[in-house]
Amino acid sequence: MGHKAIAVNLSDLAAIGARPLGFTLTIALPAVNTGWLAGFSKGLFAIAKQYSCALIGGDTTAGLLTISITAFGSIPQSKAIRRSGAKPGDDIWVSGTVGDARLVLAALRHAINLPKEDLKQIEHRMHQPTPRIELGMQLREIASASLDISDGLLGDLRHILRQSQVDAQIQLDQLPKSVTLQKQEVSIQNQFAACGGDDYEIGFTAPASQRDKIQAISKSLNLQLIRIGKILPRKETEARIY
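Residues numbered from 1 in each chain as written. Predicted model: local features only at pLDDT ≥ 70, side-chain atom pairs only at ≥ 80, totals over all residues. Heavy atoms only, no water.

## Remarks on the overall build of the chain
- Along its length, the chain carries 9 helices and 8 strands.
- Its C-alpha atoms give the chain a radius of gyration of 19 Å, within 12% of the compact-globule value 18 Å for 242 residues.
- Considered along the principal axes of its C-alpha atoms, the chain spans approximately 55 × 50 × 40 Å.
- Each of the 242 residues in the chain was classed as buried or not, and the buried ones make up 49%.
- A separation of at least 24 residues holds for 86% of the contacts in the chain among residues at least 6 apart in sequence.
- Surface exposure of the chain reaches about 12400 Å², of which carbon and sulfur atoms provide 50%.
- Here the chain holds 27 positive side-chain charges and 22 negative ones, and the gap between their average locations is 3 Å. (Helix = DSSP H or I, 4+ residues; strand = E, 2+ residues; numbered from the N terminus. Rg over C-alpha atoms; globule rule 2.2 N^0.38 Å. Buried < 20%, exposed > 50% of the residue type's maximum accessible area, 1.4 Å probe, protein only. Contact = heavy atoms within 4.5 Å. Areas by Shrake-Rupley, 256 points an atom, 1.4 Å probe, with all protein chains shown as cover. Lys, Arg positive; Asp, Glu negative; His and termini not counted. Charge placed at Lys NZ, Arg CZ, Asp CG, Glu CD.)

Below, the structure written as structure tokens:
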């Protein structure tokens, strides 16, 4: 829980291309539980140290369990990657793979019978997401729009479409899926990859002229970056995904 609480905040910084600086933590506990606090702190500070993001303030109090983190980052002036910059003709990209966290949730709810070994391979995707900080910083001069995928790829993509006043075309068969997810029926694969939440990958748009640079970033970070569609001119009042 400590890892995820800060990782999801760092993911927001990654989405705009920011470098982490520090974070505040406000926590309410119904009672002092030293064992729980030790585990929570271990996970929290391990990832905070990994990204050089120091705890700089906050508050503790008694009450129903509440964890509130605010992460701060820095970015060169006018270099933030916003959601409003996508243009018709831009490619749509996504990092890593999507859908695994949703598959883990389905397995834990016993909605899907997932072998223990398969669950073991992907359960970290739900419980210990990886914020793509370095990717975000390298996309500052390349991406036209960007966000992190927390509520599902298509749902989050609509934020870019609305703010950029464009539509999109997505190829479901190009969505990057793990080997574990590919063992499921195609309908489940597509549903979880397209609409599952808690992926915390980066979805971004970029001009076609940037493809070589994006592939070079993929290679340098050893991180899969897959082109899944393109931005289209807006046809209707509301944004549409085809």
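## Here we look at helix H1 (residues 2-16)
- For H1, a buried count of 13 out of 15 residues is recorded, marking the element as mostly surrounded by other parts of the structure.
- Just downstream of H1 lies Gly17, where phi reads positive at about 85°.

## Observations regarding the nonpolar core
- Formed by 35 residues in total, the largest nonpolar core has its most connected members in Ile6, Leu10, Phe23, Leu139, Phe204 and Leu225.
- Contributing elements (two or more residues each) for this core: H1, strand S1 (19-29), helix H2 (34-50), strand S3 (66-74), helix H6 (133-138), strand S7 (201-206) and helix H9 (211-221).
- The residues touching Leu139, leaving out its near neighbours within four places in the chain, are Ile81, Ile202, Phe204 and Ile217.
- Within the second largest apolar cluster, 34 residues are counted, among which are Val98, Ile149, Leu181 and Ile188. (Core = buried A, V, L, I, M, F, W, Y, C linked by side-chain atoms within 4.5 Å.)

## With respect to the sheet that holds strand S8 (residues 225-233)
- With antiparallel pairing, the 5 strands of this open sheet are ordered in space as S5-S7-S4-S8-S6. Looking along the sheet, the strands with just one partner apiece sit at the ends: strand S5 (145-149) and strand S6 (166-170). On average, each strand axis in the sheet is inclined to that of its neighbour by 30°, with strand direction left out of account.
- In the sheet, strand S4 (residues 91-95) pairs with S7 via 4 bridges, with the strands oriented antiparallel. Across the sheet, residue Val94 finds its bridge partner in S7, namely Gly203.
- The sheet strands contacting helix H7 (residues 153-164) are S4, S5, S6, S7 and S8, and the helix crosses S5 at an angle near 155°.
- In this fold H9 packs onto S4, S7 and S8, with an angle of close to 150° to the strand it touches most, S8. (Pairing = 2+ DSSP bridges. Axes fitted to C-alpha atoms, helices over the stretch in contact; angles between N-to-C directions.)

## Some points on the pairing of S6
- Most of S6 is tucked away: 4 of the 5 residues are buried.
- Relative to S8, S6 is paired through 5 bridges, and the arrangement is antiparallel. Bridge pairing in S8 places Val166 opposite Pro233.

## Concerning the packing of aromatic side chains
- One pass over the structure, following the stated rule, counts 2 aromatic pairs.
- Seen from their ring centres, Trp36 and Phe40 are 5.0 Å apart, and the 10° between their planes marks the pair as stacked. Of this pair, Trp36 and Phe40 both sit in helix H2, 4 residues apart, roughly one helical turn.
- What makes Phe40 buried here is its relative accessible area of 5%.
- Judged by centre distance (6.1 Å) and plane angle (5°), the ring pair of Trp93 and Phe204 falls under stacked. Of the two residues, Trp93 is situated in strand S4 and Phe204 in strand S7; the sequence distance between them amounts to 111 residues.
- Classification of Trp93 as buried rests on a relative accessible area of 1%.
- Geometry around Tyr242 places Lys235 over its ring, the cationic atom sitting 5.5 Å from the centre. (Phe/Tyr/Trp six-rings, centres within 6.5 Å; stacked < 30°, edge-to-face > 60°. Lys NZ or Arg CZ within 6 Å of the ring centre and 35° of its normal.)

## A closer look at the sheet that holds strand S2 (residues 54-62)
- As summarised here, the arrangement of the 3 strands in space is S2-S1-S3, forming an open sheet in which the pairing is mixed. Across the chains shown, the open sheet's two edge strands, defined by having one partner strand only, are S2 and S3. In this sheet, neighbouring strand axes are inclined to one another by 10° on average, regardless of whether the strands run parallel or antiparallel.
- Summarising the sheet, S1 and S3 pair through 9 bridges and their orientation is antiparallel. Bridge assignment links Phe23 to a residue of S3, and that residue is Ala71.
- Where H1 meets the sheet, it contacts S1 and S3, and its direction lies at approximately 30° from that of S3.
- Along the sheet face, H2 touches S1, S2 and S3 and points at about 170° away from the line of S1.

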